[in-house]
Structures are given as C-alpha cells and as structure tokens.
Number of protein chains: 2
Amino acid sequence: MATRREFLAAAGVGAAGLAVGAGATAFFEHDDGSSSGETVPFHGAHQAGIATAAQDRLVFAAFDVTAATKGELRELLHEWTRAAELMTKGLPVGPPAGDKNAPPADTGEALGLGPAALTVTFGLGEYIFAPGRFGLSSRRPSLLRSLGKLPGDELDPAKSGGDICVQACADDPQVAFHAIRDLARIGIGSAVLRWAQLGFGRTSSTVSTQETPRNLQGFKDGTRNLHGDNAEDMNRFVWVGDDEPQAWFRGGSYVVARRIRMLINAWDRSVLSDQENTIGRFKLSGAPLTGHREHDPLDLEARGADGRPVIPANAHVRLAAPSTNDGAAILRRGYSFTDGIDAATGELDAGLFFIAYQRDPHKQFAAIQTRLGSHDALNEYILHTGGGLFAVPPGIRPGGFVADGLFA
Amino acid sequence: MATRREFLAAAGVGAAGLAVGAGATAFFEHDDGSSSGETVPFHGAHQAGIATAAQDRLVFAAFDVTAATKGELRELLHEWTRAAELMTKGLPVGPPAGDKNAPPADTGEALGLGPAALTVTFGLGEYIFAPGRFGLSSRRPSLLRSLGKLPGDELDPAKSGGDICVQACADDPQVAFHAIRDLARIGIGSAVLRWAQLGFGRTSSTVSTQETPRNLQGFKDGTRNLHGDNAEDMNRFVWVGDDEPQAWFRGGSYVVARRIRMLINAWDRSVLSDQENTIGRFKLSGAPLTGHREHDPLDLEARGADGRPVIPANAHVRLAAPSTNDGAAILRRGYSFTDGIDAATGELDAGLFFIAYQRDPHKQFAAIQTRLGSHDALNEYILHTGGGLFAVPPGIRPGGFVADGLFA
C-alpha cells in the first residue's frame with residue numbers, strides 16, 4: 001500500500017484542485033489492503049500503453065464530447081490526465097471517503113488492488129478537429145482523416161467512432177474497469193460514453209521478452225509483431241516523426257481499433273489442415289508451414305511437390321506480411337473478448353478486439369486491411385463489427401496534460 | 001507442463017472413446033508453454049467450485065437441451081464430465097492437432113495456460129424433470145421448483161433459465177472461456193447455449209483465508225459469507241442432507257444466479273453517508289456502522305443519540321442478516337461484470353453476477369430476497385436482470401459422471 005506521504009506527494013504533482021483532507025487520511029488509516037503489481041511510468045516522450053509490455057486485461061472506451069468550447073475540452077483533458085496520473089500509481093483519484101455529505105471523489109472498487117501495471121492511453125477522433133467546432137481545425141494531425149469503408153468492415157455505429165478513445169490496460173481487470181468508470185464519472189457534463197469493450201486476455205506480445213499468446217482460434221497470434229523495446233522499429237513504424245507538420249503531434253501515433261467477431265462454430269467445424277492453411281502456420285507450434293519453430297522465417301516462395309505454394313496465396317500470414325505490403329508493419333495490442341451469446345445465431349459472441357498503433361494509418365493498417373479484407377482466407381471466419389481511428393498525442397510531461405500542445 | 005505420460009494416464013481415466021494418437025504426441029512434443037496454477041481435484045463427495053476458494057474469473061453458461069431421449073441426455077452428461085475432468089487437469093479434451101483431415105478435438109486456446117484452478121460445476125434446471133420429457137419426473141430433487149417472481153426480479157428471458165447450467169471458474173479467464181466453449185462444441189446436437197455471462201473479478205471470499213474483495217459499488221462484499229472450509233456450516237446451510245427423499249441427490253446443493261445490474265451513475269452521485277446507510281457499513285473499512293473493523297459483529301439494536309437505529313431499518317446488511325431471516329444463510333460466489341454500454345441510458349452496463357449455493361432455495365435465497373426485494377434501500381441502485389435456479393448434483397466419483405445416480 002502506498003503510504004499517506006506518497007499519496008500526498010503524488011496528489012501534489014499537477015493535481016491542482018484535489019482536496020486532500022480528512023477523507024484521504026481516513027482512507028489510509030482504515031484500509032488494510034496491500035498494494036500489488038508494477039507501476040508503469042505515466043510521463044515520458046510517448047504515452048504509456050503503446051510500447052509498454054502488454055498487460056493481461058483491457059477496457060477500451062470511446063466517448064463523445066459534449067463540451068461546447070475549446071476551454072471546456074481543455075479542462076476535460078486536464079482533469080482526465082490528473083486522474084489517470086493518480087490511478088496509474090495505484091492511488092484513488094480523490095478521497096474515496098471524505099465528506100460524508102458529498103459523493104465520494106473515487107468510486108472505490110480498486111482500493112487495495114495496487115497499480116497493477118495500469119496504463120491509460122488517450123486518443124482523439126477526427127471530429128474534434130472539425131471546422132467550426134472547437135477552432136482546432138488548423139491543428140489537426142496531418143493523417144487523421146477517415147480510412148473510409150475498408151474491405152471486411154461491417155462496423156456497427158453503436159460500437160464505432162467517438163471523439164476521444166481511452167485504452168485502459170492493467171494486469172487486474174477491476175483496475176482497468178475502475179479507470180474507465182471514474183473517467184466517465186469525472187467527464188459528466190463534458191463527455192458521454194459512446195461504446196466500451198472489455199478484453200479478458202491479451203493476444204499480443206508487445207515486447208521481445210513476452211511469449212506469444214493464443215487467440216480464440218487456438219493459434220499463436222502476433223509472432224511477428226513489432227516490439228516496444230526495439231527503438232529502431234518504433235521510430236520507423238509507430239512514432240510520428242519530425243516530418244509531421246503539426247509540431248505538437250510529433251512523438252504521437254495513430255491507433256486503429258477493430259472489434260473482430262470470430263464465427264466460432266464455423267471455425268470449430270473446420271478441419272485442421274484448413275485452419276492451418278487459412279493462417280499459414282501450424283496450430284500447435286505456431287511455426288510457419290515452411291518451418292519447424294514459431295520464430296522460423298516465412299518462406300513465401302517455397303512450393304510443395306505439387307508445385308503449389310506451401311503457404312497458400314490467400315493465407316493470412318502471407319497477406320499480412322510486411323514483404324507483401326511494401327514493408328508496412330504495425331504494433332498490435334489485441335485482446336480476446338466475449339459478450340455472451342449472439343441472439344441471432346445462438347453461438348458465443350466472442351473474438352479479438354484488435355488494436356494497432358502506427359505512424360501512418362493509411363499506408364499501414366488501411367493498406368494491409370485492404371489486401372486482407374479482399375483476399376484473406378480468414379474472412380470466412382471473422383466479421384469486423386466495430387472500431388475506430390484516433391490520433392494518439394505524444395507523451396505527457398510532469399505538470400502537463402494530454403494534448404496540451406494542441407492548446408498552446 | 002503435464003508430461004505426455006500424465007496426459008495418457010489422465011486420458012485413460014473414464015475417458016472411453018478419446019483417441020490419443022499422433023496428435024496428442026505432437027502436442028506435447030511441440031508445445032513449449034509451461035503449466036501454471038493449481039489443480040482443484042475434480043472428484044469428491046461434492047462438486048468442486050462450491051466450497052472451493054473462489055477463483056478470480058468466471059464464465060457462467062446456461063444450455064437448453066435438445067437431446068430427445070434419456071439416453072442422449074445421459075450421454076451428454078457423460079461426455080461433458082469426461083471433458084471437464086481433463087480440462088480441470090490443464091489438459092485438452094482431446095488431441096488439439098491430430099488428424100489433419102478432421103476438426104481438432106480441442107479448440108486450443110487454453111494450451112499452455114495450465115489448470116489455473118479451473119472448476120466446472122454442473123446444475124440441472126426444473127424442466128429436465130418435466131413429466132413426459134425424459135421420464136425423470138419421479139427423480140426430481142424435492143426442492144427444485146420455481147421460486148416464482150420474487151420482489152425485484154425483472155428477469156430478461158434471454159438471460160434467464162435453461163436446462164443445464166455450467167459454472168466455470170478459474171484464475172485465468174481464457175481457461176474458463178475455453179471450458180464453456182469446448183463444452184458447447186461437444187454438446188452440439190444435444191444442447192445449445194441459451195445465455196452466458198463473463199465475470200471479470202470475484203466479489204466473494206468463500207473460504208476463511210481469503211480477504212473480502214470490493215464490488216463495483218466500492219464496498220467490501222460478503223464479509224459475513226459462509227466459508228467452504230467450515231464443514232459444520234456447509235452441512236447446515238449448503239449440502240443437501242440425508243433428509244432428501246431422492247437418495248441420488250444427497251450431497252448436492254441448489255444454486256441461484258442473478259445478474260444484478262448496478263445503476264452506476266445514480267450510485268456515483270449519491271453522497272457517502274447515503275451509500276453507507278444503504279449498505280449499513282463504512283465504505284473504506286467495511287466495518288458495520290456499529291463497529292470499527294470489518295469483522296466486528298453487527299449490533300442491530302444500537303441506537304444513536306437521536307434514538308434511531310444506527311444501522312437503518314432498511315439497510316442491506318440488516319435485511320440480509322441471518323438473524324433477520326430465521327437464521328437463513330447462503331454461500332455467495334459472485335463476480336463483477338461489465339457488458340459495455342447500456343444503449344438506453346449511455347451508462348456502463350455493469351454490476352454483480354450473483355451466485356449463491358444453499359440446501360433449500362425457498363427458505364434461504366427466496367426468503368431473504370423477498371425481504372430484500374421489498375424493503376432494501378439498495379433497490380434504488382440495482383436491477384435483477386437475469387438468472388436461474390438449478391439443482392447441483394452431488395460430487396462425481398472416479399469413473400462416474402455428473403448426476404449418474406439419476407440414471408441408475
């Protein structure tokens with residue numbers, strides 16, 4: 001458990017307006033829970049939650065902004081930053097039991113759970129920069145424009161888009177839930193939840209030291225993912241560079257989300273060789289069909305005795321490979337989800353909530369998805385049912401707030 | 001990781017018909033994941049997952065049986081038992097990559113995740129025993145009859161009832177998901193999913209050594225819960241005893257589930273004293289309003305300087321207390337859930353998936369809920385939106401299957 005001194009010290013950093021009084025004291029005197037889990041630094045050149053080793057659990061939310069002025073939007077981002085900063089330290093956003101005659105400043109369900117490696121990552125949707133809305137149209141990140149309807153997109157408007165996205169990742173799902181819930185509460189009057197998605201298990205390794213997990217198709221997913229601990233790759237593929245005309249946005253990134261429903265019954269009825277040819281890898285080992293071990297390179301030229309490519313022309317790994325996409329690669333950070341039963345079919349509504357970071361969503365995600373959505377053998381077994389595109393501002397300085405450069 | 005010898009040995013126990021061939025061998029030769037987590041014994045006098053220390057994650061599913069005959073129902077329960085037995089050992093239900101020309105016998109997403117303390121607990125709904133259906137009406141557990149519409153029930157039929165319930169609890173959510181998914185797959189032709197609920201975090205301690213977790217209202221929940229390691233309480237309140245006329249059902253229990261939606265925005269706007277008076281406990285410490293520490297006894301007689309009860313007449317802890325309910329107590333095993341946004345209100349659809357075990361659902365859950373549903377101050381902040389009542393057969397003998405006594 002953080003000491004009271006740590007709480008007060010933390011609360012003093014960029015937390016103007018936080019009333020730290022009897023309530024906060026009472027909290028640390030009464031609560032006997034113990035802190036657990038790592039703390040991921042909140043400040044830095046880039047927002048946490050991108051290059052960070054993928055945590056186990058996710059809650060992803062998109063908000064519509066109801067604030068009417070640029071000043072109110074700025075205040076919302078300032079308040080949210082302050083709250084995120086505290087929560088990522090495992091601290092409540094304010095006294096969870098201060099004034100008996102006021103609603104608690106923190107909803108309390110994460111008390112005692114510790115930081116749990118929480119990261120809170122913010123992104124801005126295109127409409128924030130619409131002419132005439134907040135007077136920000138001249139500050140729009142240069143590549144934040146609609147991807148259009150991509151092949152395979154059947155996006156439900158109720159699970160798509162939004163003005164601001166918040167990705168909360170943590171090793172404890174209640175810590176991730178608490179972050180979104182308290183941001184929603186703090187935002188009342190300025191922002192309303194548009195959609196949210198719980199992800200119960202990570203399907204990506206995002207640093208070189210993590211093992212590749214399996215997705216709900218039973219395959220290792222993301223063997224060739226970019227890694228946050230490879231600075232060269234991150235600079236080349238993920239972080240917006242000095243060529244960005246909007247100086248405030250340099251060091252940022254773009255995130256694309258897709259709620260990819262898996263048609264589980266169809267997949268489960270398909271035979272093993274079809275599954276492996278669909279993906280282009282062996283199911284158990286994760287090795288490419290041209291190799292023996294998971295990390296063996298793909299040999300896209302190899303042909304079998306019958307003269308046909310060993311990795312089929314429409315296999316997922318072939319179509320998604322950088323060499324097939326002019327070298328384009330993306331940093332994936334996906335999570336398995338399930339939302340109960342699909343009433344229409346009676347099967348589990350489950351799949352992969354796909355999240356990808358990149359410096360150019362048009363030349364990276366959209367280009368790859370255009371190829372995949374048109375030809376990928378996997379299309380028979382998946383549906384893209386929701387998602388969005390957001391510009392992810394650069395990292396936050398101590399004392400600053402997310403996207404503060406936008407208002408400078 | 002289990003050795004191949006262990007897999008073969010395990011597969012040999014009550015697993016007639018499981019083809020253990022090249023595929024299983026390949027699995028253990030190629031997979032480099034390591035087993036993790038505890039194994040909870042599957043066999044015993046009572047089903048696992050009731051007295052067991054509450055695991056962190058839940059997937060709860062209800063199935064409708066489509067099998068037409070008693071023999072087919074028996075075969076379904078036999079097959080499901082065999083699969084559950086393997087999965088609780090951290091083993092696949094069959095070779096996940098055997099015959100290339102057949103669908104894999106296991107869907108594969110839990111490979112390498114270990115047993116993760118998985119328990120799979122089965123219950124039977126009332127309609128299994130309907131006259132003229134399977135010829136089992138004379139074998140119906142004596143207290144398995146509808147609870148009727150209880151005060152507070154606004155149960156959505158699409159999230160309620162069912163012929164068979166399966167509670168999968170594990171410390172890894174993908175292990176719990178895999179259990180339900182593979183049982184659904186194995187059941188094709190004999191049973192179809194009716195509804196399912198993911199629970200992301202436990203809200204109950206079910207043994208004396210577990211700390212009390214917080215629910216999404218931010219309060220410690222279940223401080224006075226029954227404990228699975230207290231044999232006297234379990235025999236008195238949870239396990240069906242020798243007075244049960246159906247000999248096959250002795251040692252069983254009854255489970256009541258309720259999907260309790262919390263009206264989060266209303267709760268978060270309420271002031272601390274209202275929250276504490278609603279529950280009857282202090283929010284931070286979890287102590288009763290008449291005490292200082294979480295486990296201090298409730299003093300339901302205490303009155304304040306104003307002459308009014310310190311624990312209000314309509315406080316949740318007062319109305320739920322055994323002393324208010326003729327001594328009735330239940331073993332709770334609840335989980336927090338969230339299912340995204342409620343489209344009607346724009347707030348998070350989240351709450352507590354309540355699960356309670358008892359030996360008499362009428363004198364225990366229904367009696368308590370009748371009092372709570374009519375008078376509980378908490379009703380302003382919750383909705384019961386789904387659930388069911390199921391008879392939970394006694395434990396499974398090695399070589400036997402769940403409810404085998406029903407077919408003897």
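Model, not experiment: these values are computed from the prediction. (Residues numbered from 1 in each chain as written. Chains lettered and ligands numbered in written order. Predicted model: local features only at pLDDT ≥ 70, side-chain atom pairs only at ≥ 80, totals over all residues.)

1. Comments concerning the overall build of chain A
Within chain A one finds ten helices and ten strands. The dimensions of chain A, computed from C-alpha atoms along their principal axes, are 75 × 50 × 45 Å. (Helix = DSSP H or I, 4+ residues; strand = E, 2+ residues; numbered from the N terminus.)

2. Section: the nonpolar core
As a rule of thumb, soluble globular proteins bury nonpolar side chains together. Residues Leu118(A), Leu118(B), Ala176(B) and Ile180(B) are the most contacted members of the largest nonpolar core, which totals 240 residues. When sequence neighbours within four positions are dropped, the list of residues in contact with Leu118(A) reads Val40(A), Met87(A), Thr88(A), Ala168(A), Ala170(A), Val175(A), Ala176(A) and Ala179(A). (Core = buried A, V, L, I, M, F, W, Y, C linked by C-beta atoms within 7 Å. Buried ≥ 20, exposed ≤ 12 C-beta atoms within 10 Å, placed from the backbone. Contact = placed C-beta atoms within 7 Å.)

3. Concerning the relation of the copies chain B and chain A
The operation relating chain B to chain A is a screw motion whose rotation component is 180°, with 0.0 Å of axial translation and a residual RMSD of 0.0 Å. What the superposition gives is, in effect, a two-fold axis relating one chain to the other. Closest approach to the rotation axis among the C-alpha atoms of chain B is made by Asp339(B), whose C-alpha sits 3.2 Å away. Most of the interface of chain B is mirrored in chain A, where 100% of its interface residues are also at the interface. (Least-squares fit on C-alpha atoms with pLDDT ≥ 70 in both.)

4. Examining the pairing of strand S10 (residues 382-392) of chain B
One face of the sheet, then the other: side chains in a regular strand alternate in exactly this way. Residue and element names in this part refer to chain B. Of all eleven residues in S10, nine are buried; the element is thus mostly enclosed. In the sheet, strand S6 (residues 253-262) pairs with S10 via ten bridges, with the strands oriented antiparallel. Looking at S10, one finds that Met262 is bridged to Ile382. (Pairing = 2+ DSSP bridges.)

5. A word on the packing of helix H3 (residues 70-87) of chain B against helix H4 (residues 173-186) of chain B
Residue and element names in this part refer to chain B. One way to put it is that H3 packs onto H4 with a least axis distance of 10 Å and a crossing angle of 150°. On the basis of the axis angle, H3 is roughly antiparallel to H4. As for the relative orientation of H3 and H4, their crossing is right-handed in sense. Where H3 abuts H4, its residues Glu79, Trp80, Ala83 and Met87 lie against Ala179, Asp182, Leu183 and Ile186. (Axes fitted to C-alpha atoms, helices over the stretch in contact; angles between N-to-C directions. Parallel < 35°, antiparallel > 145°, perpendicular 65-115°, else oblique. Left-handed = near helix turned anticlockwise from the far one by under 90°.)

6. Observations concerning H4(B)
Taking 1.5 Å of rise per residue, 14 residues should cover 20 Å, and H4(B) covers 20 Å from first to last C-alpha, within 8% of that figure. For H4(B), the buried fraction is high: 14 of the 14 residues fall into the buried class. (Expected span 1.5 Å × (residues − 1).)

7. Regarding the interface of chain B and chain A
The interface of chain B with chain A comprises 54 residues on the first partner and 54 residues on the second. At the level of elements, helix H2 (22-30), H4, strand S4 (191-199), helix H6 (264-269), helix H7 (272-279) and strand S8 (335-341) of chain B are the ones that each hand at least two residues to the side of chain B that touches chain A. Here the residues of the side of chain B that touches chain A are counted per class, giving 26 nonpolar, 16 polar and twelve charged. (Nonpolar A, V, L, I, M, F, W, Y, C, P; charged D, E, K, R; others polar.)

8. Notes on helix H5 (residues 231-238) of chain B
Given 3.6 residues per turn, any residue in an α-helix points the same way as the ones three and four places further on. All names here are of chain B. Within H5, burial applies to Met234, Phe237 and Val238. End-on view of H5: buried residues confined to an arc of 95°, all on one side of the axis. Exposed residues lying more than 90 degrees from the buried face of H5 are Ala231, Glu232 and Asn235. Looking at the buried side of H5, the elements it contacts are S6, strand S7 (331-332) and strand S9 (348-358). (Arc of directions from axis to C-beta.)

9. Some points on the environment of Ser190(B)
Residue and element names in this part refer to chain B. When you line up the elements, Ser190 lands in the loop between H4 and S4. Residue Ser190 is classed as partly exposed on the basis of its C-beta count, with 18 C-beta atoms lying within 10 Å. Ser190 sits 126 residues away from Asp64 along the chain, and the two C-alpha atoms are 8.6 Å apart.

10. Some remarks on the confidence of the model for chain A
Should the pLDDT be low somewhere, the predicted coordinates at that spot are not to be read in detail. On average, residues of chain A carry a pLDDT of 91, and 91% of them reach 70 or more. Of the regions scoring below 50 in pLDDT, residues 1-35 of chain A engages in 57 contacts with residues more than four places distant in sequence or in other chains. (pLDDT = per-residue confidence, 0-100.)

11. Brief notes about unusual backbone geometry
All names here are of chain B. Although it is not a glycine, Ala116 sits at a positive phi angle of roughly 50°. Among the structural elements, Ala116 can be located in the loop between H3 and strand S2 (119-124). One non-glycine residue with positive phi stands out, namely Asp326, at about 50°. Examined against the element boundaries, Asp326 turns out to sit in the loop between helix H8 (316-320) and S7.

12. Some thoughts on the environment of Ala315(B)
Residue and element names in this part refer to chain B. Relative to the helices and strands, Ala315 is located in the loop between H7 and H8. Ala315 gets classed as buried once you count the C-beta atoms within 10 Å, which come to 26. Counting along the chain gives 36 residues from Ala315 to Ile279, while the straight-line C-alpha distance between them is 5.3 Å. Here Ala315 is in contact with Asn277, Thr278, Ile279, Gly280 and Ala377, once residues within four sequence places are set aside.

13. Considerations on the environment of Ser285(B)
All names here are of chain B. Among the structural elements, Ser285 can be located in the loop between H7 and H8. Since 20 C-beta atoms lie within 10 Å of it, Ser285 is described here as buried. With 88 residues separating them along the chain, Ser285 and Gly373 place their C-alpha atoms 26 Å apart.

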